[in-house]
Amino acid sequence: MVSKGTRFWILIGLVTISGFSQGMLLPLLAVILEQNGVSSSINGLHATALYIGILISSPFMEKPLQKFGYKPVIIAGGALVFISLAFFPIWQSLWFWFMLRMMIGIGDQILHFGTQTWITATAEEKTRGKSIAYYGLFFSVGFTLGPLMTNLLSISIYLPFVLSAFLSMTVWGLMWWVRNEMPPKEYTTAHGTSSIKRFGSAVKIGWVAFLPPMTYGFLEATLHGIFPVYGMRIGHEVNLLSFVIPTFAAASLLSQIPLGVLSDHFGRKKIISAVVAGGIAAFTGAAFVESSIIGLFVTFTVGGLCVGSLYSLGISFMTDLLPKDLLPAGNILCGMSFSIGSIGGPFLTGIVIDLFPGVSLFYTIVLLLVIVLVATIFKSLPQPSHVEG
């Protein structure tokens, strides 16, 4: 069996592959469906399948982890991902692909809950933040590289799926060399009515902290799932778009740790407000320069530097606000908020593109960011005692 250090990097490898498959699927399927004449609203609805899978599976993650331990849960989630990817070439059907997307969402959620809990539960307290930073960074690395797979469509429509399934299965196979462990009790919440009350309490106390993950989900899914369709409609080539789209996630790699440090020093509310304001400026600019690939490259980069770290900032904000016994519920709610944003993003922006073809896609993003900025600035927060996490 492998050492603790090797186990950490195997878990990070699984996270990277998960990001890669998600980053690949959104633009890849958007392009394929657009080329097949599917409307942008249906295309956007189809893109929500992955996040529906994440959302519906979230409340059921804890019991299997508590009963079987980390390894079986992670192996089950990883297997569901690469098997679903391998099934895409079998039958090119809108609803069959919808179901496969949803299965990948369920598998990814199982994978993420298992790996994230294992890393946070076993990391030393003084290095826990650094460990989670690696987790976020390598997921973003995978998500950044995924859209490049759309370039393989010129070779074969099925090559990206086969290659992604092979990569996922290869990294997944390393898990068999990892020794299973059981999670400590404080990393699982109570079930039944007590669990419902805890979720309710977490929402009441920390609702403002769930807005950044929701916004990040909206942005990520819209930019990867619907922007390729919009970009083609305003005259850009697929190959060029595949290089513009990853710049948002790539830029977030540079700012994630610095923004986390700044939020420790100046407070989450101030930093979240500042980066959301920066995001508003970036995507307003994108609306004016959307006919230029260079302009989009620059504005996507600035947008990624500002709001590409909203998910991790939201988790940190939630950790500050909630008492320790509500943190597991808060972590699940952050994931569910991300899923809600991811589901709403492609669907709502797809409808806007169909109904208002003359209106820039980026104004929808700007409107959401303005709402989040106002809610964050004017929400009066209690003076919570500092909670480490």
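No experiment lies behind these values; they were computed from the predicted model shown.

Student: When you look at the overall build of the protein in this model, what are you seeing that I'm missing?
Tutor: A tally of helices and strands in the protein yields 17 helices and 0 strands. Its C-alpha atoms give the protein a radius of gyration of 20 Å, near enough to 21 Å, the size a compact globule of 389 residues would have. Along the first, second and third principal axes, the C-alpha set of the protein runs to 55 × 50 × 35 Å. Taking all 389 residues of the protein together, the buried fraction comes to 57%. Relative to all contacts within the protein whose residues are 6 or more apart in sequence, the contacts with residues 24 or more apart total 86%. Approximately 16100 Å² of the protein is accessible, and the part contributed by carbon and sulfur atoms is 71%. Of the charged side chains in the protein, 20 are positive and 15 negative, and the gap between their average positions amounts to 10 Å.

Student: Help me out: how do you make sense of the nonpolar core in this one?
Tutor: Nonpolar side chains tend to gather and get buried jointly when the protein is soluble and globular. Core analysis: the biggest nonpolar cluster contains 108 residues, and L25, M175, F227, V276, F283 and F362 have the highest contact counts within it. By residue number, the principal contributor to this core is helix α1 (residues 4-35), which donates 15 residues. With residues near it in sequence (within four places) discarded, L25 still touches A30, L50, L85, F88, R101, I104 and F161.

Student: Explanation requested: the confidence of the model for the protein in the structure shown.
Tutor: Keep in mind that low pLDDT regions are not for reading the predicted coordinates in detail. When pLDDT is averaged along the protein, the result is 83; 90% of the residues meet or exceed 70. Predicted confidence in the protein is weakest over helix α7 (residues 128-145), with a mean pLDDT of 74, and strongest over helix α13 (residues 268-288), with 94. Overall, residues 384-389 carries pLDDT values under 50, and its contacts beyond four positions in sequence, including any with other chains, amount to 11 contacts.

Student: How do you make sense of the pattern of salt bridges when you look at a structure like this?
Tutor: Opposite charge on two side chains lets them pair, provided their charged atoms get close. The tally for this structure, following the rule as stated, stands at 3 salt bridges. For the salt bridge of E34 with R233, the shortest nitrogen-to-oxygen distance reads 3.5 Å. Linking E34 in helix α1 with R233 in helix α10 (residues 227-233), this pair joins segments that are 199 residues apart in sequence. Given the relative accessible area of 19%, E34 is considered buried. Take R233: its relative accessible area is 41%, and that puts it in the partly exposed class. What emerges from the salt-bridge pattern is a single network uniting E34, R233 and D354.

Student: Please clarify how helix α2 (residues 40-47) should be interpreted in this entry.
Tutor: In an α-helix there are 3.6 residues to a turn, and that puts residues three or four apart on one side. For α2, the tally of buried residues reaches 6 of 8 residues, placing the bulk of the element in the interior. Among the residues of α2, S40, S41, N43, G44, H46 and A47 are the ones counted as buried.

Student: Explanation requested: the packing of aromatic side chains in the structure shown.
Tutor: Centre distance and the angle of the planes are the two values used to describe a pair of aromatic rings. Evaluated as defined, the whole model comprises 21 aromatic pairs. Between the aromatic rings of W97 and F161, the centroid separation amounts to 5.8 Å while the plane-to-plane angle is 55 degrees, which identifies the pairing as tilted. Taken together, the positions of W97 in helix α6 (residues 94-122) and F161 in helix α8 (residues 159-173) put the pair 64 residues apart, joining distant regions of the chain. Given the relative accessible area of 0%, F161 is considered buried. On the basis of an interplanar angle of 25 degrees and a centroid distance of 6.2 Å, the ring pair of Y216 and F338 is categorised as stacked. Of this pair, Y216 sits in helix α9 (residues 193-225) while F338 sits in helix α16 (residues 327-355), and the two are 122 residues apart along the sequence. What makes F338 buried here is its relative accessible area of 10%.

Student: Any chance you could explain the side chain of S18 here in plain terms?
Tutor: Relative to the helices and strands, S18 is located in helix α1. Overall, the relative accessible area of 2% leaves S18 in the buried class. A distance of 3.0 Å separates a polar atom in the side chain of S18 from a polar atom in the side chain of H112.

Student: Can you walk me through the environment of I271 in this structure?
Tutor: Within the secondary structure, I271 sits in helix α13. Taking C-alpha positions, I271 is 31 Å from M61, a pair spaced 210 residues apart along the chain. Not counting residues within four places of it along the chain, the set of residues in contact with I271 comprises L259, L262, S263, F266 and L313.

Student: Help me understand the side chain of E290 in this model?
Tutor: Tracing the sequence through the fold places E290 in the loop between α13 and α14 (293-307). Of the side chains with opposite charge, R233 comes closest to the buried, unpaired E290, at an N-O distance of 12 Å.

Student: Just checking my understanding: could you explain the packing of helix α12 (residues 246-266) against α13 for this structure?
Tutor: A pair of packed helices can be characterised by two numbers: the angle between their axes and the separation between those axes. At their nearest, the axes of α12 and α13 sit 9 Å apart, and the two run at 150 degrees to each other. For the element pair α12 / α13, the angle class is roughly antiparallel. Crossing hand, α12 versus α13: right-handed. Seen from α12, the contacting residues are F248, L259, G260, L262, S263, D264 and F266; seen from α13, they are R268, K270, I271, V275 and F283. Here the residues of the contact of α12 with α13 sort into 7 nonpolar, 2 polar and 3 charged.

Student: Looking at this structure, I do not really get a nonpolar patch on the surface. What am I missing?
Tutor: A surface patch of nonpolar side chains, about 540 Å² in accessible area, is lined by F288, L355, F356, V359 and Y363. Mapped onto the secondary structure, F288 falls in helix α13. The class of F288 is exposed, set by a relative accessible area of 63%.

Student: Where do I start with the packing of α13 against helix α15 (residues 310-321) in this structure?
Tutor: Across the interface, α13 lies against α15 with an axial gap of 10 Å and an inter-helix angle of 155 degrees. With respect to their mutual orientation, α13 and α15 come out roughly antiparallel. Crossing handedness for the pair α13 and α15: left-handed. Only L310, L313, S316, F317 and D320 of α15 make contact with α13, whose side of the interface consists of R268, K269, I271, I272, V275 and V276. Tallied by class, the residues present in the contact of α13 with α15 amount to 7 nonpolar, 1 polar and 3 charged.

The rules we used
- Residues numbered from 1 in each chain as written.
- Predicted model: local features only at pLDDT ≥ 70, side-chain atom pairs only at ≥ 80, totals over all residues.
- Heavy atoms only, no water.
- Helix = DSSP H or I, 4+ residues; strand = E, 2+ residues; numbered from the N terminus.
- Rg over C-alpha atoms; globule rule 2.2 N^0.38 Å.
- Buried < 20%, exposed > 50% of the residue type's maximum accessible area, 1.4 Å probe, protein only.
- Contact = heavy atoms within 4.5 Å.
- Areas by Shrake-Rupley, 256 points an atom, 1.4 Å probe, with all protein chains shown as cover.
- Lys, Arg positive; Asp, Glu negative; His and termini not counted.
- Charge placed at Lys NZ, Arg CZ, Asp CG, Glu CD.
- Core = buried A, V, L, I, M, F, W, Y, C linked by side-chain atoms within 4.5 Å.
- pLDDT = per-residue confidence, 0-100.
- Salt bridge = Lys/Arg side-chain N within 4 Å of Asp/Glu carboxyl O.
- Phe/Tyr/Trp six-rings, centres within 6.5 Å; stacked < 30°, edge-to-face > 60°.
- Polar contact = N/O pair within 3.5 Å; in protein donor to acceptor, adjacent residues only side chain to side chain.
- Axes fitted to C-alpha atoms, helices over the stretch in contact; angles between N-to-C directions.
- Parallel < 35°, antiparallel > 145°, perpendicular 65-115°, else oblique.
- Left-handed = near helix turned anticlockwise from the far one by under 90°.
- Nonpolar A, V, L, I, M, F, W, Y, C, P; charged D, E, K, R; others polar.
- Patch = residues over 30% accessible without salt bridge, like charges linked within 9 Å, V, L, I, M, F, W, Y side chains within 5 Å.

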